[in-house]
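Per-entry structural report
Next come the chains, spelled out residue by residue.
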Amino acid sequence: MSDIDIKRISYLAKLKLPSEKEEFYSNSLKDIIKWVDNLKKVDTSKTEPLHNVTEKTVSIRNDEVSKSNCVDDVLSNAPERAQNFFKVPKVVE
Amino acid sequence: MSNNWEMVIGLEVHAQLKTSSKLFSSSPNQFGSEPNENVNFIDSGMPGMLPVLNFGCIEMAIKTGYALNFKINKYSVFERKNYFYPDLPQGYQISQFEFPILSEGFINIDSGDNQKKIRIERAHLEQDAGKSIHDIDPKYSFIDLNRVGTPLLEIVSYPDLSSADEVINYMSSLRQLLMYIDVCDGNMQEGSLRADVNLSVRKKGQELGTRCEIKNLNSFKFIKQAIEYEFQRQINIIDGGGEIEQNTMLFDTSTGETRAMRSKEFSHDYRYFPDPDLLPVYLSQEQIDKIKPSVGELPQDKLNKYLDNYSLDKDIAKIIITEKQNANLFEKMISESNVKPKFIAAWLVGDIFAFIKENNLEVNSLNDKTKDITDLLRLISDDVISNKAGKEILPKVLNGEGKPSELVKVLGLEQVSDSGELEKIIDEALVGEEENILKFQGGSDRVLGYFVGKCLKATKGKGNPKLINKILLERLNKK
Amino acid sequence: MKNSISQIKKALIEKKISVSELYDEYLAKAKSGNNNSFNLVIDRENNISSINDSQNRYDNGNPLPLDGIPLGIKDLFCTKGIRTTASSKILSNFIPNYESFVTQQLLNDGSIFIGKNNCDEFAMGSSNETSYFGPVINPWKNKNSQKDNLVPGGSSGGSAAAVAEGSCVASMGTDTGGSIRQPASLCGIVGLKPTFGSCSRWGIVAFASSLDQAGPLTNCVEDAAYILNSINKHDFNDSTSSNHQREDYLTDINNSLEKKIKIGIPSDYLEDVSEDILNQIDNTKQALSKHGIEFIDVEFKTTEYALSTYYILAPAEASSNLARYDGVRYGIREDGESLDDIYLNSRTKGFGDEVTRRILIGAYVLSAGYYDAYYRQAQKVRRLIKNDFQRILNDVDFILTPTTPNEAFKIGDKLDPISMYKNDIYTVPTSLAGLPGISIPSGLSKNGLPLGVQFIGNYFEEKTLLQLAALAEKELSFNE
Ligand SMILES: [Mg+2]
Ligand SMILES: [Zn+2]
């Protein structure tokens, strides 16, 4: 097992770990990854991955519109809104 | 010296599909609505909401498969592409990754005088993101999720393109095909068709260089500008001893320049994995076959038909097939009348299209006037009226000012085709023209034109030129 | 006062009690309870019209299947107009404008909700200690150390404690790797995890989509059948919902099973287990043998890989499912200079330690360079585990296992995540295979604490599974 780059992982997960906790999580992750490493022993060369135990869907929609809610239903929990928009600090690209 | 350099370009084209509802929710798929009007709990990524696939999107993908010569896959899988963005409510985009619905297609494009085959690696279905509006307030952005979940077909070409012109030709061909099969409205301004351009440069014959991706170009003009700028930018870097960094670029439409997007602390890692809320899509051959008839005639089929069955000139045929609505109008006129297709085609690409352009009309808006148009064309081809008179009446017919036959009468434009009357006029015209008659008999064809003109003038332009011609020749040869 | 649903309905039909009186008894208990089993108790006013409607139906002689029955609902089910938090700070102000499919069925059948049960944050935990609203206390005490507060198990710990303490007749829980069965076992009640795809996930705050399954926590097996009848329906809006023909789970539940049945006991599950646990299996075996049921030893080949598989797949799905909590559209927003800061601060402060840990694990196992070694490998092993179960279920009708490796432990006792994860050793494999499992109380430990056994059936065979469990329950019933 290679070393865990906790900064990169928390960046991917959009988390800003306080520096004093970085080591805590880093060690914890190392332990868990080491613990699950036993899977590498299993021969799966002839096995297909299983995404889900149900393998065939019965839910495919026809292309039809239904409006089941109003704008306010979607915005009622917004921390900040302006008219019918969600409002956030300016995004710079 | 940039003429030692060549560009290598691959295109990722995002086409919005013209479905009624979204890819995974039943909200309306509609442009130009009030903010957040077309958003439901699925689109806004509320806790516990689940996607349900819209089969309309699968049908449109299959049609595209036929039109772009793809292999249509019976097994495809939706995966999650994980990244954070304010316009992306779920924190991931549902897309296809390892198993796309279409793979290995191609189209032929014009390249100079030749055709070039552009190979297409794959096309997959995915969700569009929402939109942030940055210019209302200096400190805030406003988020409108209406576009969230709009179905996109991302069409990914191989790096087979090697000039801005080829890229434009490729894009127009794609646009033409997608509009023909009625899966995309082709409106680039509204973002219905957008291109990511992957460009690298190399000295002729050398290995591929490092590529940069210019994101989200939504007009032919910008595509051309961006390519030319980026081509030169990369050459300059290498000529200056530098190296190209693999980057995602934005095209600034105001300056015509490309620039790297705000550099990220770490590179992207989308962590694709099969969406556990959705199961793989299995299609039967029967389901795929059933969709084939709805593909209809493609531009190339029409071109062949026009050349072989209607003997059109290639240039004219090409103009007619550019858009399906042109071809539809043309074919409607053929089926409704017995005017020669070639004659119809000439008028269509000439005066009729000119009228449409001048008046800023949709081609489709003439669909209910085809009977009048062909009636008029009939009058012209039967020599009831002259070409010139036809040109005069056409705009009035197109404006709905009256039926062609009535207009001809009202305006007094009927041709004189009575040979007795014409003979009289011609005989008068030949009086005192002995010298010219001798010239004609001496072999000067130019004199014939002179006589025809003189006779036409005498009929005040209403004489049937063909008939005049015929009678004149008889008279002259007898003398 | 632990009456069953059929007893309560009888009393309501015979007018020995009114719907309102019944509701008030449970409401009072829920309000005065000090086990922290509810995140929110619904105001009486909000339920008045439901109570009246229900009473009217009794008066008119046409009550619905669950009419007037006071239920608890795990705070993971979105309930329209009622705060739904997933026991997380980040959702602590969230009021959905929609009702989950499952709770809608329960409402349609006349039940009345007492409140939202505490649970582990986003259902991630096996002791209900990760809740933003504090740990739930198990109503049971260790007879040798009465003062200690014990965990109820998790993640549906509030549901289990509420049913055990009598503040609701039954509660809806969810089970991803044992979150219904394990707390049911530690609180001495019945917990059923139906086959994956039986009960719609629509409107349930997602933890791991390919594993999450709703199910009841009840006082008895018959009550579980009552609830299952209501919630086990095809839902077009959940693409993983099965459309097989559902049975009536209540009729014939107390009839003996028609054919002669065979139960497998996996010997590999019983290595290194305590005497307390072994006793549960022995009790059950003895009790059922009297009914001509045959027991045979079976052996899994994949047991030692189940937890590893689970702790790769569940966090992977969770890391993505929890990406939507960003402080933009709902939930708690923490201040920040830029939008990116808002994201970072809201998420970092909004999630507790265990949730953060699992998001990190998930992001790691899906990231470039590790995907094949961890995530894809785990998906492959998951297929092997499923095949392993199918192999064994070809030979036997059911499988009998302990539900948990130990009795309820002291709050704060297990600090190390891996030893916590090992609590689910007997429940996780079933979840990975998507099979139904039910835990029923089977006896008391030396410390006088409840323990349970788990019966596992074949896909969608909840009907016979419940019949078997009802039979075992009759034989094993113990007094508090
Ligand atoms: Mg791209
Ligand atoms: Zn895309």
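In this report, we go over the structure that sits alongside the text. (Residues numbered from 1 in each chain as written. Chains lettered and ligands numbered in written order. Predicted model: local features only at pLDDT ≥ 70, side-chain atom pairs only at ≥ 80, totals over all residues. Heavy atoms only, no water.)

1. Structural notes on the overall build of chain C
Each helix and strand counted, chain C has 15 helices and 11 strands in total. Here the C-alpha radius of gyration of chain C, 21 Å, is about what a compact globule of 480 residues would show, namely 23 Å. Principal axes of the C-alpha set define a box for chain C whose edges measure 65 × 55 × 50 Å. Long-range contacts, defined here as pairs at least 24 residues apart, represent 77% of the contacts in chain C between residues at least 6 apart. Of the charged side chains in chain C, 47 are positive and 59 negative, and the gap between their average positions amounts to 1 Å. (Helix = DSSP H or I, 4+ residues; strand = E, 2+ residues; numbered from the N terminus. Rg over C-alpha atoms; globule rule 2.2 N^0.38 Å. Contact = heavy atoms within 4.5 Å. Lys, Arg positive; Asp, Glu negative; His and termini not counted. Charge placed at Lys NZ, Arg CZ, Asp CG, Glu CD.)

2. Focus: the coordination of the zinc ion (ligand 2)
All names here are of chain B. Looking at the metal site, the zinc ion (ligand 2) is ligated by His 14 (NE2), Glu 126 (OE) and Glu 154 (OE), spaced 1.9 to 2.1 Å from it. Considered as a linear motif, the donors of the zinc ion (ligand 2) on their single chain read H-x111-E-x27-E. If you look at the zinc ion (ligand 2) and the magnesium ion (ligand 1), they sit 5.4 Å from each other. Separated by 140 residues along the polypeptide, His 14 in strand 1 (residues 5-16) and Glu 154 in strand 11 (residues 151-157) bring together distant segments of the chain. Classification of His 14 as buried rests on a relative accessible area of 11%. Of the residues examined, Glu 154 reaches a relative accessible area of 8% and is grouped as buried. (Donors = N, O, S within 2.8 Å, 3.2 Å for Na, K, Ca; no water. Buried < 20%, exposed > 50% of the residue type's maximum accessible area, 1.4 Å probe, protein only.)

3. With respect to the coordination of the magnesium ion (ligand 1)
Octahedral six-donor coordination of a metal ideally yields angles of 90 or 180 degrees, compared with 109.5 degrees for tetrahedral four-donor coordination. In this structure, Glu 12 of chain B (OE), Asp 196 of chain B (OD) and Glu 213 of chain B (OE) serve as the protein donors to the magnesium ion (ligand 1), at separations of 2.0 to 2.4 Å. Each donor residue of the magnesium ion (ligand 1) lies on the same chain, and together they follow the pattern E-x183-D-x16-E.

4. Brief notes about the layout of surface pockets
All names here are of chain B. A volume near 1,400 Å³ is recorded for the second largest pocket. Taken together, 43 residues line the second largest pocket, and the ones lying closest to its centre are Gln 176, Tyr 180, Pro 299, Ile 321 and Thr 322. Looking at the lining of the second largest pocket, the elements that each hand over two or more residues are strand 7 (102-111), strand 8 (114-127), helix 2 (164-180), helix 5 (299-308), helix 6 (314-321) and helix 7 (324-336). It is helix 2 that provides the largest number of residues to the lining of the second largest pocket, a total of eight residues. Two domains share the lining of the second largest pocket, each providing at least three of its residues, namely domain 1 (2-290) and domain 2 (297-411). (1 Å grid on protein atoms, 1.4 Å probe; cavity = no way out; pocket = protein on both sides within 12 Å on 5 of 7 lines; lining within 4 Å. Points joined across faces, edges and corners; volume = space filled by probe spheres on them. Domains from an automatic or database assignment.)

5. Digging into helix 3 (residues 220-239) of chain B
All names here are of chain B. Its 20 residues place the ends of helix 3 28 Å apart at the C-alpha level, agreeing with the 28 Å of an ideal helix rising 1.5 Å per residue. Listing the buried residues of helix 3 in full gives Phe 222, Ile 223, Ala 226, Ile 227, Glu 230, Phe 231, Gln 234 and Ile 235. Note on helix 3: the residue one or two positions beyond its end, Gly 241, has a positive phi of about 90°. (Expected span 1.5 Å × (residues − 1).)

6. Digging into the interface of chain C and chain A
You'll often see interface size given as the accessible area lost when the parts meet. Facing the 69 residues of chain C at the interface are 57 residues of chain A. When residues of chain C are sorted by the area they lose upon contact with chain A, Leu 360, Tyr 364 and Arg 383 of chain C head the list and together hold 12% of the total. Across the contact surface, chain C and chain A share four salt bridges. Of the charged contacts, one joins Arg 333 of chain C and Glu 80 of chain A as a salt bridge, the two residues approaching to 3.0 Å between their closest N and O atoms. In terms of residue count, the dominant contributor to the side of chain C that touches chain A is helix 12 (residues 371-395) of chain C (12 residues). Residues of the side of chain C that touches chain A, tallied by class, amount to 32 nonpolar, 21 polar and 16 charged. (Buried area = accessible area lost by both parts, 1.4 Å probe. Salt bridge = Lys/Arg side-chain N within 4 Å of Asp/Glu carboxyl O. Nonpolar A, V, L, I, M, F, W, Y, C, P; charged D, E, K, R; others polar.)

7. Description of unusual backbone geometry
All names here are of chain C. In this structure, Ser 155 follows Gly 154 across a cis peptide bond, with omega equal to 5°. Turning to its location among the elements, Ser 155 is positioned in the loop between strand 3 (112-117) and helix 5 (157-165). Here Asn 36, not a glycine, exhibits a phi torsion of approximately 60°, which is positive. Structurally, Asn 36 is set in the loop between helix 2 (19-32) and strand 1 (38-41). Of the residues examined, Asn 36 reaches a relative accessible area of 28% and is grouped as partly exposed.

8. What to know about the packing of aromatic side chains
The description of an aromatic ring pair rests on the distance of the ring centres and on the angle between the ring planes. Enumeration according to the criterion identifies 33 aromatic pairs over all chains in this entry. Relative to Phe 78 of chain B, the ring of Phe 24 of chain B lies with its centre 5.1 Å away and its plane at 80°, an arrangement referred to as edge-to-face. Highlighted residues: Phe 24 of chain B in the loop between strand 1 and strand 2 (53-54) and Phe 78 of chain B in strand 5 (residues 78-82), separated in sequence by 54 residues. By relative accessible area, which is 2% here, Phe 24 of chain B ends up buried. Residues Tyr 306 of chain B and Tyr 310 of chain B carry aromatic rings whose centres are separated by 5.7 Å and whose planes lie at 25° to one another, so their mutual orientation is stacked. Of the aromatic side chains, those joined through ring pairs into one cluster are Phe 94, Phe 122, Tyr 325, Tyr 330 and Phe 351 of chain C. Over the face of the ring belonging to Trp 347 of chain B we find Lys 391 of chain B, whose NZ or CZ atom lies 5.7 Å from the ring centre. (Phe/Tyr/Trp six-rings, centres within 6.5 Å; stacked < 30°, edge-to-face > 60°. Lys NZ or Arg CZ within 6 Å of the ring centre and 35° of its normal.)

9. Topic: the pattern of salt bridges
Within this structure, the stated rule accounts for 56 salt bridges over all chains. A salt bridge links Asp 182 of chain B to Lys 18 of chain B, with the shortest nitrogen-to-oxygen separation between them at 2.5 Å. Of the two residues, Asp 182 of chain B sits in the loop between helix 2 and strand 12 (193-203) while Lys 18 of chain B sits in the loop between strand 1 and strand 2, which places them 164 residues apart along the sequence. A relative accessible area of 38% means that Lys 18 of chain B is categorised as partly exposed. Between Asp 238 of chain C and Arg 201 of chain C there is a salt bridge; the shortest N-O distance is 3.5 Å. Note that Asp 238 of chain C is positioned in the loop between helix 7 (221-231) and strand 7 (262-266) and Arg 201 of chain C in the loop between strand 5 (190-193) and strand 6 (213-218), a separation of 37 residues in sequence. One network of salt bridges, with partners in common, ties together Arg 80, Asp 275 and Asp 277 of chain B together with Arg 201 and Asp 238 of chain C.

10. Topic: the sheet that holds strand 10 (residues 140-144) of chain B
One open sheet holds the four strands; their spatial order is 2(A)-3(A)-10(B)-9(B), and the pairing between them is antiparallel. Two strands bound the open sheet, and with one partner strand each, they are strand 2 (81-82) of chain A together with strand 9 (131-133) of chain B. For strand 3 (residues 85-89) of chain A and strand 10 of chain B, the ladder comprises four bridges, and the chain directions are antiparallel. Counted as the bridge partner of Val 88 of chain A is Ser 141 of chain B from strand 10 of chain B. (Pairing = 2+ DSSP bridges.)

11. Here we look at the side chain of Gln 234 of chain B
Residues and elements named next belong to chain B. With respect to the helices and strands, Gln 234 occurs in helix 3. Only 3.4 Å separates the side chain of Gln 234 from the backbone nitrogen of Val 201, close enough to count as a polar contact. Excluding residues that lie within four positions of it along the chain, Gln 234 makes contacts with Leu 199, Ser 200, Val 201, Thr 210, Cys 212 and Ile 244. (Polar contact = N/O pair within 3.5 Å; in protein donor to acceptor, adjacent residues only side chain to side chain.)

12. Looking at the sheet that holds strand 3 of chain C
All names here are of chain C. Across the sheet, which stays open at both edges, the 11 strands sit in the order 1-3-2-4-6-5-10-11-9-7-8 with mixed pairing between neighbours. For this open sheet the edge positions go to strand 1 and strand 8 (294-298), each flanked by a neighbour on one side alone. Sheet twist, expressed as the mean angle between neighbouring strand axes with direction ignored, is 30°. Across three bridges, strand 1 lies against strand 3 in antiparallel orientation. Looking across to strand 3, one finds that Val 41 is bridged to Gly 115. Packed on one face of the sheet, helix 2 meets strand 1, strand 2 (70-74) and strand 3 and runs near 10° to strand 3. (Axes fitted to C-alpha atoms, helices over the stretch in contact; angles between N-to-C directions.)

13. Some points on the interface of chain B and chain A
Contact with chain B, which involves 55 residues of that partner, is made by 39 residues of chain A. At the junction of chain B and chain A, the tally comes to two salt bridges. When the shortest N-O distance is used, the salt bridge between Lys 67 of chain A and Glu 37 of chain B registers 3.1 Å. There are 21 residue pairs in polar contact (both at pLDDT 80 or more) connecting chain B and chain A. Within the residue set of the side of chain B that touches chain A, elements represented by two or more residues are strand 2, helix 1 (55-67) and strand 10 of chain B. Per-element accounting of the side of chain B that touches chain A gives the leading share, five residues, to strand 10 of chain B. A class-by-class count of the residues in the side of chain B that touches chain A yields 29 nonpolar, 15 polar and 11 charged.

14. Observations regarding the pairing of strand 5 of chain B
Two faces, one strand: in a regular strand the side chains alternate between the faces of the sheet. All names here are of chain B. In terms of burial, strand 5 is a largely internal element, five of the five residues being buried. Side chains Phe 78, Arg 80 and Asn 82 project from strand 5 onto one buried face, and the interleaved Glu 79 and Lys 81 project onto a second face that is buried too. Here five bridges tie strand 5 to strand 6 (residues 92-96), and the two strands are oriented antiparallel to one another. Counterpart to Lys 81 in the pairing with strand 6 is Gln 93.

15. Details of a negative patch on the surface
Residues and elements named next belong to chain C. Together, Glu 247, Asp 248, Asp 252, Glu 258 and Glu 461 give the surface a local cluster of negative charge. Structurally, Asp 248 is set in the loop between helix 7 and strand 7. Note on Asp 248: relative accessible area 35%, which makes it partly exposed. (Patch = residues over 30% accessible without salt bridge, like charges linked within 9 Å, V, L, I, M, F, W, Y side chains within 5 Å. Areas by Shrake-Rupley, 256 points an atom, 1.4 Å probe, with all protein chains shown as cover.)

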